[in-house]
Amino acid sequence: MLAAIIVIIIIWLSMWGFYKFMYPRAPKSMMPKEGDITTPRHCDFCGNSLAEYRGVLEIKTTSAADNATEDESQKELFFCNYEHQANFHAGKKYQ
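Residues numbered from 1 in each chain as written. Predicted model: local features only at pLDDT ≥ 70, side-chain atom pairs only at ≥ 80, totals over all residues. Heavy atoms only, no water.

### Considerations on the pattern of salt bridges
Should their charged atoms come close, side chains of opposite charge can pair. Filter applied, for reference: Basic side-chain nitrogens of Lys or Arg form a salt bridge, by our definition, when they fall within 4 Å of a carboxyl oxygen of Asp or Glu. In this text, helices come from DSSP runs of H or I with a minimum length of four residues, and strands from runs of E with a minimum of two, each type numbered from the N-terminal end. Buried, partly exposed and exposed residues are distinguished by accessible area as a fraction of the type maximum, computed with a 1.4 Å probe on protein chains only: under 20%, between the cut-offs, and over 50%, respectively.
According to the stated counting rule, one finds 2 salt bridges in the structure shown. Close ionic contact of Glu-52 with Arg-41 constitutes a salt bridge, the shortest N to O distance being 3.2 Å. Linking Glu-52 in the loop between strand E2 (49–51) and strand E3 (56–62) with Arg-41 in strand E1 (residues 40–42), this pair joins segments that are 11 residues apart in sequence. Glu-52 gets classed as buried once you look at its relative accessible area, which sits at 16%. With a shortest N-O distance of 3.3 Å, Arg-41 and Glu-76 are connected by a salt bridge. In this pair, Arg-41 sits in strand E1 while Glu-76 sits in strand E4 (residues 73–79), placing the two residues 35 residues apart along the sequence. Using a relative accessible area of 42% as the deciding quantity, one classes Glu-76 as partly exposed. A single salt-bridge network, built from bridges that share partners, covers Arg-41, Glu-52 and Glu-76.

Next up, the structure:
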């Protein structure tokens, strides 16, 4: 019985070490900081869901001449990265 318990403990320790090695913690630079918005947003190019602080937020302001309304309106575009932003504005389609 003692041998079985020792084997289980050895297996548990080796698996713990394996997971620590294979799946390390993310660097602190990638973790959200104070004031970051962590709500998920969908990329306007590929549709992938990503926390807002991890992506690129673009705010376009349209003037009253462009719209039928008298106010200036703002449209927010969200992208996973700068490459998706460039492809979106170039008119490319997501594959």
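### Overview of the side chain of Gln-85
The following threshold applies: The contact definition used throughout considers only heavy atoms, calling two residues in contact when any of these lie within 4.5 Å.
Tracing the sequence through the fold places Gln-85 in helix H2 (residues 82–90). Excluding its chain neighbours within four sequence positions, the residues that come into contact with Gln-85 are Val-56, Glu-58 and Phe-79.

### Concerning the packing of aromatic side chains
Our working definition: Centre distance within 6.5 Å is the pairing criterion for rings of Phe, Tyr and Trp, where only the six-membered ring of Trp is used; planes under 30 degrees apart are then read as stacked, over 60 as edge-to-face, and the remainder as tilted.
Tallying each qualifying case throughout the model produces 3 aromatic pairs. Seen in terms of ring centroids, Phe-18 and Tyr-19 are 5.5 Å apart; in terms of plane orientation they differ by 70°. Their pairing is edge-to-face. On the basis of relative accessible area, Phe-18 is assigned to the partly exposed category, the value being 41%. Classification of Tyr-19 as partly exposed rests on a relative accessible area of 44%. For the ring pair Phe-79 and Phe-88, a centre distance of 5.2 Å and an interplane angle of 55° mean the geometry is tilted. With relative accessibility at 0%, the residue Phe-79 sits in the buried group. Here a set of aromatic residues connected by ring pairs shows up, and it is made of Phe-18, Tyr-19 and Tyr-23.

Purely spatial values, then, with no claim about function.
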